[in-house]
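The chain contents come next:
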Amino acid sequence: MSAMSSSNWDRRSLLKAAAGLAAAGTLSACGSNNGRGGGSGSGTNLVQYFHAYGEPGVEQAVKRYAKAYTKANVSTQWITGNNFENKLFPALLTKQAPDVFEFHPQIQLVKSGQVADLTDIIDPVKDDFNPADIKSHTVDGKIYGVRMIDDPQFFFYRKSMFEKANVSVPTTLDELIEAAAKLTTSKVKGLFLGNDLTPVQNNLIWSAGADTLDDKNQIAYHTDGVVEGLKKLRTLFTSGHLLLDAPADFWDPSAFNQGLCAIQWGGMWGMPATQQALGDDFGVFPFPKIGSNGKQSVYNGGWSMFVNAKGDNVDAAKEYVKWLWIDQKQYQTDFATSYGFHIPPRASIAAQAGKLKSGAAADSVKLFNTYGHFDNIGWTQAMITAFNDVIANTVRKNGNPEAALDTCDTKVNRELKKLFG
Amino acid sequence: MSTTTARDLASPAPTKASKARPRRGLRANATLNFWLFTGPFLIGLVIFVFVPIGWSLWLSFFDARFTVTPSNFIGFDNYKTVLTDPNFTGSLVTFTVFAAFIVPLTWGLSLSLALLVHRLTYLRAFFRSVFFLPTACSYVAASLIWKMSIFNGVRFGLANTVLGWFGVDQVAWLANPTPPWYWLVIVTLRLWLQAGFYMILFLAALQNIPSELYEAAAIDGAKPGWQTFRYITLPQLRATSTAVILLLLVAAYQAFDEFFNLMGRATWGQPPLVILYKTAIGVNQDYGQGSAGAVVLTLLICVVTLFQGKIMGFGRGEESK
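Residues numbered from 1 in each chain as written. Chains lettered and ligands numbered in written order. Predicted model: local features only at pLDDT ≥ 70, side-chain atom pairs only at ≥ 80, totals over all residues. Heavy atoms only, no water.

As annotated in an unreviewed UniProt entry, chain B carries the name Sugar ABC transporter permease and is attributed to Streptomyces cynarae. Its UniProt record gives chain B the following Sequence similarities (unreviewed entry) comment, quoted word for word: "Belongs to the binding-protein-dependent transport system permease family." Recorded in UniProt for chain B, the comment headed Subcellular location (unreviewed entry) runs: "Cell membrane". (UniProt positions renumbered as here; feature names shortened; annotations may be inferred.)

As recorded in an unreviewed UniProt entry, chain A goes by Sugar ABC transporter substrate-binding protein and comes from Streptomyces cynarae.

See the structure below:
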């Protein structure tokens, strides 16, 4: 009997507690900061998506910038893992979509109405930006993203290992393959191109004298030079001189810094860590040329800030992007040079980036200016994935390059038809 | 107090209690109670299962790139694309190979572990826990351990270190489809993760086998060991074995995490769910094509499951055996 009473009392108490919680929740939701915001502003809440930069301190820096913004509460979603786009794209279809996000310029984002036109906030400073960056973000005269950083990608090589093996810096793919063989020992592999080799796929195209798409947005990668390059990469893949399945991929300089390989494909962002590990015992060189019509190449990657055109706070988001990535030059300098090294896309900021004016960093800037290829906004993620399959099926699986490129052509043409008609 | 008196006094008690505490409100209304308990779950089922399935079916007939509310009806085009995509058809081969490895291996290993633990006199709970513990590990975490620590391609990976002791050069376990060492990585990972769970099922079944059966077999001259196992234990585990194989087959169809995390951008070694994820949720954002693939895969799973049930007699009554 007593147990029964107690039970009744418990249920009433639980109901009261639940009602109290519901009321408290409702009241708290009426407040200006409902947990979404992270800054000192009031009223508008903005969410920004960032992929996880590997260099220590970047996440804290991004959150520090957001906190300094007073006109809105800006919270940061720091997306870890290798598949930032796999989290970003589905999120953009939901109510929980970010208001602001970083990504690379891709025309499908524009065509599907997912990104807002930022021409009005960039126009006043347009001439200060690298013209190639402006071009790569422009569709029909409108600019859809603000470039935050330029990230050149090239080879890092260990000078002492080159001297010991009596190897010169390669300028052709054949020389690179020979160098990898000479540099390979029982403990060190000659070369690391990333675990699935796809990081160099655009350079394979450019260094063979071809391009991803031409000026009319037609396929330009299916050439004899690219076929030759694929066959040579297959030779390298089976040679035993290539580091494969490293614990950290190409974007992390660990394999190179730990002495697992003599040459590694990497990005300028990894340079501070390499300097700390190896001092001056390293240099950089571009992807070597392939065939007689080829020329050396560097991939000028990078990240840009976009505004979700379907978000609830488009104007507030644009205002935040303008504040941080156009007005706040000290934050842009900090972001580009205080953690990993990046080239600021603004000429006025790049000119004052002291850390990029000497040693290997200065060499990197020179490679960027001499051999650099920028993003093509028409070369979309689906096309990139189609070419990923070419690398997998020919270089790693020993398939016929012509057949693999034909399959890729079918997929890319289907994509081009959808995008350009 | 006589027994009779006590019985006389006791008999009206339920009536009294019933009169004193009539069923009121919620307790009285059985229909209301039914909906109160099942309603929330039913609503959840409709919203999170039936609506998405219906929506997916609808999407599969539209050009749904970068949208889940498309307007361009394209009929069976998505189905044609999916069924002619070598990556999707190849994924069905991958699944078949994977199932061919993992189903019998897990069945055998989990049954062996169950037999070992069942016969233990001491430390049975300890070993049961040890074998079951990997089940609690996340597939993603386990994949990263397998990929980065045990089966990485550098000289200090665990597997390569062991090979190095015997003078074998370092192996790139996951980079190369020939030889297909990646199967060793994937299969050992899943075996480690799931054998403990199925061991518990077999252990429960073993404990339910009446000891009289073994005693009768012994009296009839059956030798302990293989003969007893073959003619007593194994037939008695038939229902559990069928259920285990069914669960393993469904789990093999649903394989995703370890393949996604281990295989990266390979075009081989990708099961159907990875392909569909990359098509729809991933970078391609083609919800129409992804949905068409999901419909095809669902139909395939239904057919295979029904076929397997028919072969193994799952759900068949004892009398019809």
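> Report on the overall build of chain B, specifying residues and quantitative values.
Tallying secondary structure elements over chain B gives 16 helices and 0 strands in all. Here chain B, with 321 residues, has 38% of them falling under the buried criterion. Of the contacts made within chain B by residues no fewer than 6 positions apart, 64% connect residues no fewer than 24 positions apart. Of the accessible surface of chain B, which amounts to about 18300 Å², a share of 70% is contributed by carbon and sulfur atoms. (Helix = DSSP H or I, 4+ residues; strand = E, 2+ residues; numbered from the N terminus. Buried < 20%, exposed > 50% of the residue type's maximum accessible area, 1.4 Å probe, protein only. Contact = heavy atoms within 4.5 Å. Areas by Shrake-Rupley, 256 points an atom, 1.4 Å probe, with all protein chains shown as cover.)

> So what's going on with the overall build of chain A? Which residues, and what values?
When helices and strands are counted, chain A shows 18 helices and 11 strands. Its C-alpha atoms give chain A principal-axis dimensions of roughly 85 × 60 × 45 Å. Taking all 421 residues of chain A together, the buried fraction comes to 56%. Of the contacts formed within chain A by residues at least 6 apart in sequence, a portion of 75% connects residues at least 24 apart.

> Can you tell me about the interface of chain A and chain B, naming the residues and giving the values?
Listed as interface residues are 39 residues of chain A and, on the opposing side, 36 residues of chain B. Carbon and sulfur atoms supply 53% of the area buried between chain A and chain B, which totals about 3200 Å² over both sides. On the chain A side of the contact with chain B, A:Asp245, A:Pro247 and A:Arg396 bury the most area, a combined 19% of that side's loss. Counting across the chain A and chain B interface gives 3 salt bridges. Measuring nitrogen to oxygen at the nearest pair gives 2.8 Å for the salt bridge that ties A:Glu415 to B:Arg65. In this assembly, chain A and chain B are joined by 12 residue pairs in polar contact (both at pLDDT 80 or more). Counting only elements with at least two residues in the side of chain A that touches chain B, the list comes to helix H1 (2-29), helix H3 (84-92), helix H17 (381-396) and helix H18 (401-420) of chain A. For the side of chain A that touches chain B, the leading source of residues is H17(A), giving 8 residues. (Buried area = accessible area lost by both parts, 1.4 Å probe. Salt bridge = Lys/Arg side-chain N within 4 Å of Asp/Glu carboxyl O. Polar contact = N/O pair within 3.5 Å; in protein donor to acceptor, adjacent residues only side chain to side chain.)

> Would you mind going over the side chain of B:Gln194 in detail, with residue names and values included?
Residue and element names in this part refer to chain B. With respect to the helices and strands, the residue Gln194 is situated in helix H10 (residues 182-207). The class for Gln194 is buried, based on a relative accessible area of 6%. Setting aside residues up to four positions removed in sequence, Gln194 forms contacts with Ile102, Thr106, Tyr139, Leu248 and Ala251.

> Residues and numbers for the packing of aromatic side chains, please.
Scanning the entire structure with this criterion turns up 53 aromatic pairs over all chains. On the numbers, 5.8 Å between centres and 40° between planes, the contact of A:Trp206 with A:Tyr299 is tilted. Here A:Tyr299 lies in strand S10 (residues 298-307) and A:Trp206 lies in helix H9 (residues 201-207), a separation of 93 residues in the sequence. Relative accessible area serves as the criterion here: at 16%, A:Tyr299 is assigned to the buried category. Both rings, one in A:Tyr320 and one in A:Trp323, keep their centres 6.1 Å apart while their planes meet at 20°; by these two values the pair is stacked. Here A:Trp323 and A:Tyr320 lie together in helix H13 (residues 314-327), a separation of 3 residues that amounts to about one turn. Taken together, A:Phe50, A:Tyr53, A:Tyr65, A:Tyr69, A:Trp78, A:Tyr320, A:Trp323, A:Trp325, A:Tyr331 and A:Phe335 form an aromatic cluster joined through their ring pairs. Here B:Arg230 stacks its cationic end above the ring of B:Tyr231, 4.9 Å away from the centre of that ring. (Phe/Tyr/Trp six-rings, centres within 6.5 Å; stacked < 30°, edge-to-face > 60°. Lys NZ or Arg CZ within 6 Å of the ring centre and 35° of its normal.)

> Report on helix H15 (residues 272-281) of chain B, specifying residues and quantitative values.
Residues spaced three or four apart along an α-helix face the same direction, because each turn holds 3.6 residues. Along H15(B), the residues classified as buried are B:Pro272, B:Val274, B:Ile275, B:Leu276, B:Thr279 and B:Ala280. Packed against the buried residues of H15(B) are helix H6 (86-119), helix H14 (257-263) and helix H16 (287-312) of chain B.

> I'd like to hear about the confidence of the model for chain B, residue by residue, with values.
Residues and elements named next belong to chain B. Residue-level pLDDT values for chain B average 86, and 88% of them are 70 or greater. No element of chain B has a lower mean pLDDT than helix H1 (residues 3-10), at 43, and none a higher one than H10, at 95. In this model, residues 1-18 is a region of pLDDT below 50 whose contacts with residues beyond four sequence positions or in other chains number 0 contacts. Both scores are given for the predicted complex: the pTM is 0.83, the ipTM 0.80. (pLDDT = per-residue confidence, 0-100.)

> I'd love a proper account of the packing of helix H5 (residues 77-84) of chain B against H16(B), names of residues and values included.
Residues and elements named next belong to chain B. Close contact between H5 and H16 brings their axes to 8 Å; oriented N to C, the two are set at 70°. Accordingly, the angle class assigned to the pair H5 and H16 is roughly perpendicular. The residues of H16 that touch H5, namely those facing Asn78, Tyr79, Thr81, Val82 and Leu83, are Gly288, Gln289, Ala292, Gly293, Val295 and Val296. Partitioning the contact of H5 with H16 into residue classes produces 6 nonpolar, 5 polar and no charged. (Axes fitted to C-alpha atoms, helices over the stretch in contact; angles between N-to-C directions. Parallel < 35°, antiparallel > 145°, perpendicular 65-115°, else oblique. Nonpolar A, V, L, I, M, F, W, Y, C, P; charged D, E, K, R; others polar.)

> Which residues make up the nonpolar core, and what values do they have?
Note that soluble globular proteins tend to have their nonpolar side chains buried in a common cluster. Residues and elements named next belong to chain A. Counting 109 residues, the largest nonpolar core has Ile263, Phe335 and Phe387 as its most contacted members. It is H13 that provides the largest number of residues to this core, a total of 7 residues. Sequence-distant contacts of Phe335, defined by excluding residues within four places in its chain, comprise Phe50, Tyr53, Val58, Val62, Tyr65, Met148, Ile149, Trp325, Gly340 and His342. (Core = buried A, V, L, I, M, F, W, Y, C linked by side-chain atoms within 4.5 Å.)

> Provide a residue-level description of the UniProt feature "domain: ABC transmembrane type-1" (unreviewed entry) in chain B, including the pertinent values.
Residues given the UniProt feature "domain: ABC transmembrane type-1" (unreviewed entry) here are residues 92-308 of chain B. The straight-line gap between the two end C-alpha atoms of residues 92-308 of chain B is 17 Å; of that span, 73% is helix and 0% is strand.

> Requested: an account of H18(A), with residues and values cited.
All names here are of chain A. Helix length check: H18, at 20 residues, gives a terminal C-alpha distance of 27 Å against a target of 28 Å (1.5 Å per residue), a fit within 8%. Looking at H18, one finds that the buried residues are Pro401, Ala404, Leu405, Cys408, Asp409, Val412, Glu415, Leu416 and Leu419. Angular distribution of buried residues about the axis of H18 spans 140°; they occupy a single face of the element. In this structure, the buried residues of H18 make contact with helix H4 (107-111), helix H10 (224-238) and H17. Where H18 begins, the capping side chain belongs to Asn400, and its oxygen is found 2.9 Å from the backbone nitrogen of Glu402. Downstream of H18 by one or two residues, Gly421 has phi in the positive range, about 85°. (Expected span 1.5 Å × (residues − 1). Arc of directions from axis to C-beta.)

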